[in-house]
Amino acid sequence: MPEKQSHLNAQLETLKQANLYRSRRVIDSAQGIYLQLEGRKLLNFCSNDYLGLANHPDVIASFKQAANTYGVGSGSAHLVCGHSREHHALEEELADFCGRDRALLFSTGYMANLGVITALMGKKDVIYEDKLNHASLLDGGLLSGARFKRYLHNDIKNLQLKMQGLLTEQQGMIVTDGVFSMDGDFADLKSLVELAKDSHSYLMVDDAHGFGVLGKTGAGLVEQYQLNQQQVPLLVGTLGKAFGTSGAFVAGSELMIESLIQQARSYIYTTALPPAIAAATRTSLQRVQQDNWRREKLKSLVTRFQRGAKQMGLSLMPSESAIQPIVLGSSAKAMQASEYLLQQGFWVSAIRPPTVPQGSARLRLTFSALHQEQHIDQLLGALEGMSV
Ligand SMILES: *Cc1c(COP(=O)(O)O)cnc(C)c1O
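Residues numbered from 1 in each chain as written. Predicted model: local features only at pLDDT ≥ 70, side-chain atom pairs only at ≥ 80, totals over all residues. Heavy atoms only, no water.

1. So, the packing of aromatic side chains
- Taken as a whole, this structure holds seven aromatic pairs when the rule is applied.
- With centroids separated by 5.0 Å and ring planes inclined at 45 degrees, the aromatic side chains of F305 and F367 adopt a geometry described as tilted. In this pair, F305 sits in helix α13 (residues 292-312) while F367 sits in the loop between β13 (361-366) and α15 (373-384), placing the two residues 62 residues apart along the sequence.
- An aromatic cluster is built from F45, F305, F346 and F367, whose rings are joined through pairwise contacts.
- Over the ring of Y21 we find K16, and its NZ or CZ is 4.7 Å from the ring centre.
- Directly above the ring of Y34 sits K41, whose terminal nitrogen or CZ lies 4.3 Å from the centroid. (Phe/Tyr/Trp six-rings, centres within 6.5 Å; stacked < 30°, edge-to-face > 60°. Helix = DSSP H or I, 4+ residues; strand = E, 2+ residues; numbered from the N terminus. Lys NZ or Arg CZ within 6 Å of the ring centre and 35° of its normal.)

This is the structure in structure tokens:
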């Protein structure tokens, strides 16, 4: 065997030994409370479809209708001939929804984050990122070539310390998740807004897990904290989670969005989302805005779970969101727990390093507005029987 390949084999073997090997499971159903896996119907507690919109009949109907008009593929990038009326209308509606001048669609959240950071930051600049930021934010920071500093999770003192060296001729950028994706807690946005203002730095908030779920109308953590465009000039939301479709957007000022259109390489050099996805997302947005009950229901289910877990003596993390992790420590333990729950009919994913820090492997439970109280109780029963 060639040298290179035996090296790859050794790498895979090392991952297996360390319980870090990843593999896919093939499902035969739509996203929902139940997933069909290998002939079994499993109760699903690991999807990011928080509001239950991924398989909503109105969303599907809009998708089909637009596909009849526009076909499937968008044909090219937005800047060539792929920017349809549906894309444009969705951008305007998202901007309105977030109380921003404009919004710009990207094909994925990963690409939005890469595009925004690399477009605005370069070698002379300094980026500050929370240690627990999503991989796409970290990758964007590294790719930009700017000086890259990570601060302790949600530790404003630590960030202040790191920002002391920022020179007046340097552009700074503070980058954070809104709701942290693996812990479920919220960024201290009010303090970050102050720090950004004092240091004339950009503030970029990626609210992938708050968008649709938090705030009075679902506009996310920035709505909950009532932060406007001056305070949070770069707001990223993703559409594949609570919105149940696919893609992402960044919202901000006219100047920011025009700059991104000119400079963001992951915007310029890629095929636009299918127009039917944009059409489906416009219908999702209506459900997000009108169906307050989905957010209410989700909140009450989370509270029910927290109460039950507390009674059982399970230690949860300080999360008020639909993400409720149970930290178990080793990857082996997390895998074992996930396997046990699968046997019992529950799909709960084990999250291991490097997605989370060493020694903090966990079960990451997520809830949906479509869960019923009995589902929560069933899950609690299964967790009680878990021996790890
Ligand atoms: C999921 C996620 C992304 C990536 O979004 P995709 O549309 O799935 O590429 C970005 N940031 C955060 C915080 C996420 O959780």
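2. Section: helix α10 (residues 254-263)
- Of all the positions in α10, only M256, I257, L260 and I261 are classed as buried. Burial along α10 is one-sided: seen end-on, the buried residues are contained in an arc of 135 degrees. Exposed side chains of α10 directed beyond 90 degrees from the buried face belong to L255 and Q262. (Buried < 20%, exposed > 50% of the residue type's maximum accessible area, 1.4 Å probe, protein only. Arc of directions from axis to C-beta.)

3. Brief notes about the environment of Y269
- Tracing the chain through its elements places Y269 in the loop between α11 (265-268) and α12 (275-290).
- C-alpha of Y269 to C-alpha of L79: the two residues are 190 residues apart in sequence and 8.9 Å apart in space.

4. Some points on the pairing of strand β8 (residues 234-238)
- Taken across its five residues, β8 has five buried, putting it largely inside the fold.
- With burial as the criterion, each face of β8 is covered, one bearing L234, V236 and T238 and the other bearing L235 and G237.
- Note that strand β7 (residues 202-206) and β8 share three bridges and pair parallel. By the bridge assignment for β8, D206 is matched with V236. (Pairing = 2+ DSSP bridges.)

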